[in-house]
Amino acid sequence: MSVPRTEPPRAADETTMLRAFLDYHRATLLRQAEGLDAEQLGRSLPPSTMTLGGMLKHLAFVEDWWFNVTLLGDEPAPPWDTVDWEADGDWDWHSAAHDTPDGLRTLLAGAIARSEEILGDRPDLERVAVRHRPGRSPVTLRWILVHMIEEYARHCGHADLIRESVDGATDL
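None of these values were measured; they are calculated from a predicted model.

J.: What's the story with the nonpolar core in this structure? I'm lost.
T.: Within soluble globular proteins, side chains that are nonpolar tend to cluster in buried spots. Judged by nonpolar contacts, the single largest core of 42 residues is most densely connected at L29, M55, F67, L108 and I144. Taken together, the elements giving at least two residues each to this core come down to α1 (14-33), α3 (52-71), α5 (101-119) and α6 (141-167).

And the structure:
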């Protein structure tokens, strides 16, 4: 595998631990999609319609949404800034079928790099996000990091099943 993945430390401060687990799951997802062509990234495992390509694009959106839009309060980055979410609330999943494998991997890698840039070297876990849903209290960066770990971990489980159904790979 060319996507490196480092086991999270067994003992570390909270920030290091949270970021290490997030990095581990990011790398796991990228490994699950590594080496697959467009047809393979577009396969689903019925009855689900979920695909590895859709997962790559969805998690690129999730990275932008939580770190850029929610935490910083910025507008969504391209391509999310022009999406008509009212017309298709799952556009990120559906539109991936029209993207190249390299384009999907690059989209996620770029979103991760922007998230890491936002986090910087010493993020304040108590930092309160600028945006929040009406009627809900704002979240902290700590909450966002835990949520991102949960989001990736859940989808990595999906990716395990889909990848195995594509080519039998199980030890990624």
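J.: What am I meant to see in the pattern of salt bridges here?
T.: Two side chains that carry opposite charge are able to pair once their charged atoms sit near each other. Applying the stated criterion across every chain yields a total of 13 salt bridges. For E39, the salt bridge goes to R43, with nearest N and O atoms at 2.8 Å. A salt bridge links R154 to E151; the nearest nitrogen and oxygen atoms lie 2.9 Å apart. A residue pair is termed a helical-turn pair when its members lie 3 or 4 positions apart in one helix, as R154 and E151 do in helix α6 at three residues.

J.: I would appreciate a short explanation of the packing of aromatic side chains in the present structure.
T.: The geometry of an aromatic ring pair is captured by two quantities: the separation of the ring centres and the angle between the planes. If you walk through the whole model with that rule in mind, you get six aromatic pairs. Considering the side-chain rings of W66 and W143, the 5.2 Å spacing of their centres and the 50° angle between planes classify their relative orientation as tilted. Taken together, the positions of W66 in helix α3 and W143 in helix α6 put the pair 77 residues apart, joining distant regions of the chain. A ring pair is formed by W85 and W91, whose centres lie 6.1 Å apart and whose planes are at 85°; its orientation type is edge-to-face. On the accessibility criterion, W85 (26% relative accessible area) is partly exposed. Judged by its relative accessible area of 24%, W91 is partly exposed. Aromatic rings pair up to connect F61, W65, W80, W85 and W91 into one cluster.

The rules behind these values
- Residues numbered from 1 in each chain as written.
- Predicted model: local features only at pLDDT ≥ 70, side-chain atom pairs only at ≥ 80, totals over all residues.
- Heavy atoms only, no water.
- Core = buried A, V, L, I, M, F, W, Y, C linked by side-chain atoms within 4.5 Å.
- Buried < 20%, exposed > 50% of the residue type's maximum accessible area, 1.4 Å probe, protein only.
- Helix = DSSP H or I, 4+ residues; strand = E, 2+ residues; numbered from the N terminus.
- Salt bridge = Lys/Arg side-chain N within 4 Å of Asp/Glu carboxyl O.
- Phe/Tyr/Trp six-rings, centres within 6.5 Å; stacked < 30°, edge-to-face > 60°.

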